[in-house]
Amino acid sequence: NAGVTQTPKFRVLKTGQSMTLLCAQDMNHEYMYWYRQDPGMGLRLIHYSVGEGTTAKGEVPDGYNVSRLKKQNFLLGLESAAPSQTSVYFCASSTGLQSLNIQYFGAGTRLSVL
Amino acid sequence: TQLLEQSPQFLSIQEGENLTVYCNSSSVFSSLQWYRQEPGEGPVLLVTVVTGGEVKKLKRLTFQFGDARKDSSLHITAAQPGDTGLYLCAGKAAGNKLTFGGGTRVLVKP
């Protein structure tokens, strides 16, 4: 059972460089999410998707773009990385059922922007 | 924006002691979840509470949802080193989005 898989696990970028983080889930979940985690601030929602071909902004969307071309994949892009984007990024997925919304998380991507 | 505040931010105790973590908000949530996160891993769901006043037990962990569904607590009895980790509360807001608290880092020393 792979669950939610994130690649890469670690990355170091220089300011201005671009990169894409990949999230893949094998649970046939409708909903997928991208969060960033910074010390003392818990998890903050960047963007999310309620189904293939759809995306929506979360709490902190600026500087990020996302795409959900396939149901199982959710990509997070940084077009021009900034030091403020140094963080740990988590992807999650859920069934989308309104009642409980249990989210399953990947192991995270640790990104440093120099 | 609905905010969830957790307290304390950090807790260090000896094995066998009890501890309580609090999660408070001025907003009402339809449900509240508690997650535990270990270093290098993503959060893992421990429990979901839905009804105001609800109490759920998971072995030595007791979770309570406030009557007004604005706050919650996690109590660990006779803590073990394996309880060490980051505890996060998350409230279910509009749609299927979760609002997370800032987390409480718990260290249980043997």
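In case you missed it, the structure is sitting above this.
Residues numbered from 1 in each chain as written. Chains lettered and ligands numbered in written order. Predicted model: local features only at pLDDT ≥ 70, side-chain atom pairs only at ≥ 80, totals over all residues. Heavy atoms only, no water.

**Student:** Go over the overall build of chain B with me, naming the residues and quoting the values.
**Tutor:** When you go through chain B residue by residue, the secondary structure sums to zero helices and eleven strands. Reading the helices (α) and strands (β) of chain B from amino to carboxyl end gives β-β-β-β-β-β-β-β-β-β-β. Here the C-alpha radius of gyration of chain B, 13 Å, is about what a compact globule of 110 residues would show, namely 13 Å. Residue burial in chain B is summarised as follows: out of 110 residues, 47% are buried. By sequence separation, contacts in chain B at least 24 residues apart represent 52% of the contacts at least 6 residues apart. (Helix = DSSP H or I, 4+ residues; strand = E, 2+ residues; numbered from the N terminus. Rg over C-alpha atoms; globule rule 2.2 N^0.38 Å. Buried < 20%, exposed > 50% of the residue type's maximum accessible area, 1.4 Å probe, protein only. Contact = heavy atoms within 4.5 Å.)

**Student:** Account for the sheet that holds strand S1 (residues 5–7) of chain B, with residues named and values stated.
**Tutor:** All names here are of chain B. Reading across from one edge, S1-S3-S8-S7-S6 is the order of the five strands in this open sheet, with antiparallel pairing throughout. Two strands close off the open sheet at either side, each with one partner strand: S1 and strand S6 (55–58). Ignoring which end each strand starts from, the neighbouring axes of this sheet average 15° apart. (Pairing = 2+ DSSP bridges. Axes fitted to C-alpha atoms, helices over the stretch in contact; angles between N-to-C directions.)

**Student:** So what's going on with the pairing of strand S3 (residues 19–25) of chain A? Which residues, and what values?
**Tutor:** Residues and elements named next belong to chain A. Side chains Met19, Leu21, Cys23 and Gln25 of S3 all project onto a buried face; the interleaved residues Thr20, Leu22 and Ala24 project onto a face where none is buried. When S3 meets strand S8 (residues 73–78), the two strands line up antiparallel, connected through six bridges. Residue pairing in the sheet places Ala24 in a bridge with Asn73 of S8.

**Student:** Please give an account of the sheet that holds strand S1 (residues 4–7) of chain A that cites residues and values.
**Tutor:** Residue and element names in this part refer to chain A. If you walk across this open sheet you meet the four strands as S1-S3-S8-S7, and the pairing is antiparallel. In the strand order of this sheet, the two ends are held by S1 and strand S7 (65–67), each with one partner. Pairwise comparison of adjacent strand axes, ignoring direction, gives a mean angle of 20° for this sheet.

**Student:** Explain the state of the cysteines residue by residue, including any values.
**Tutor:** Counted according to the given criterion, the structure contains two disulfides over all chains. The side chain of Cys23(A) participates in a disulfide bridge whose partner is Cys91(A); the two sulfur atoms lie 1.9 Å from each other. Between Cys23(A) and Cys91(A) the sulfur-sulfur dihedral comes to about -75°; the bridge is accordingly left-handed. Taken together, the residues Cys23(A) in strand S3 and Cys91(A) in strand S9 (residues 87–94) connect sequence positions 68 residues apart. When sorted by exposure, Cys23(A) lands in the same class as Cys91(A), which is buried. Bridging Cys23(B) to Cys89(B), the disulfide has an S-S length of 2.0 Å. Residues Cys23(B) and Cys89(B) share a disulfide whose torsion about the S-S bond is about 80°; that sign makes it right-handed. On the criterion of sequence distance, the pair formed by Cys23(B) in strand S3 (residues 19–24) and Cys89(B) in strand S9 (residues 85–92) is long-range, its members being 66 residues apart. The exposure classification of Cys23(B) matches that of Cys89(B), with both residues buried. (Disulfide = S-S within 2.5 Å.)

**Student:** A description of the interface of chain B and chain A should follow, citing residues and the corresponding values.
**Tutor:** Every contact between the two is made by 20 residues of chain B and, on the other side, 22 residues of chain A. Interface area, chain B with chain A, both sides summed: about 1,600 Å², of which 54% is carbon and sulfur. Considering only the surface of chain B that becomes buried against chain A, Asn96(B), Lys97(B) and Phe100(B) emerge as the three largest contributors, covering 33% of it. The tally of links between chain B and chain A comes to zero salt bridges. Of all the secondary-structure elements, those providing two or more residues to the side of chain B that touches chain A are strand S4 (32–37), strand S5 (44–49), S9 and strand S10 (98–100) of chain B. Looking at the side of chain B that touches chain A residue by residue, the classes come out as eight nonpolar, nine polar and three charged. (Buried area = accessible area lost by both parts, 1.4 Å probe. Salt bridge = Lys/Arg side-chain N within 4 Å of Asp/Glu carboxyl O. Nonpolar A, V, L, I, M, F, W, Y, C, P; charged D, E, K, R; others polar.)

**Student:** Mind laying out the nonpolar core, listing which residues take part and the relevant values?
**Tutor:** Core analysis: the biggest nonpolar cluster contains 22 residues, and Leu19(B), Leu32(B), Trp34(B), Phe63(B), Leu74(B), Ile76(B) and Val106(B) have the highest contact counts within it. When residues of this core are traced back to their parent elements, those giving at least two are strand S2 (10–14), S3, S4, S5, strand S7 (61–65), strand S8 (71–76), S9 and strand S11 (104–109) of chain B. In this view, Phe63(B) contacts Trp34(B), Leu46(B), Val47(B), Glu54(B), Val55(B), Lys56(B), Leu58(B), Ser73(B) and Leu74(B); residues no more than four positions away in its chain are not counted. One finds Cys23(A), Ile46(A), Tyr64(A) and Val113(A) within the second-largest nonpolar core, a separate group that totals 18 residues. (Core = buried A, V, L, I, M, F, W, Y, C linked by side-chain atoms within 4.5 Å.)

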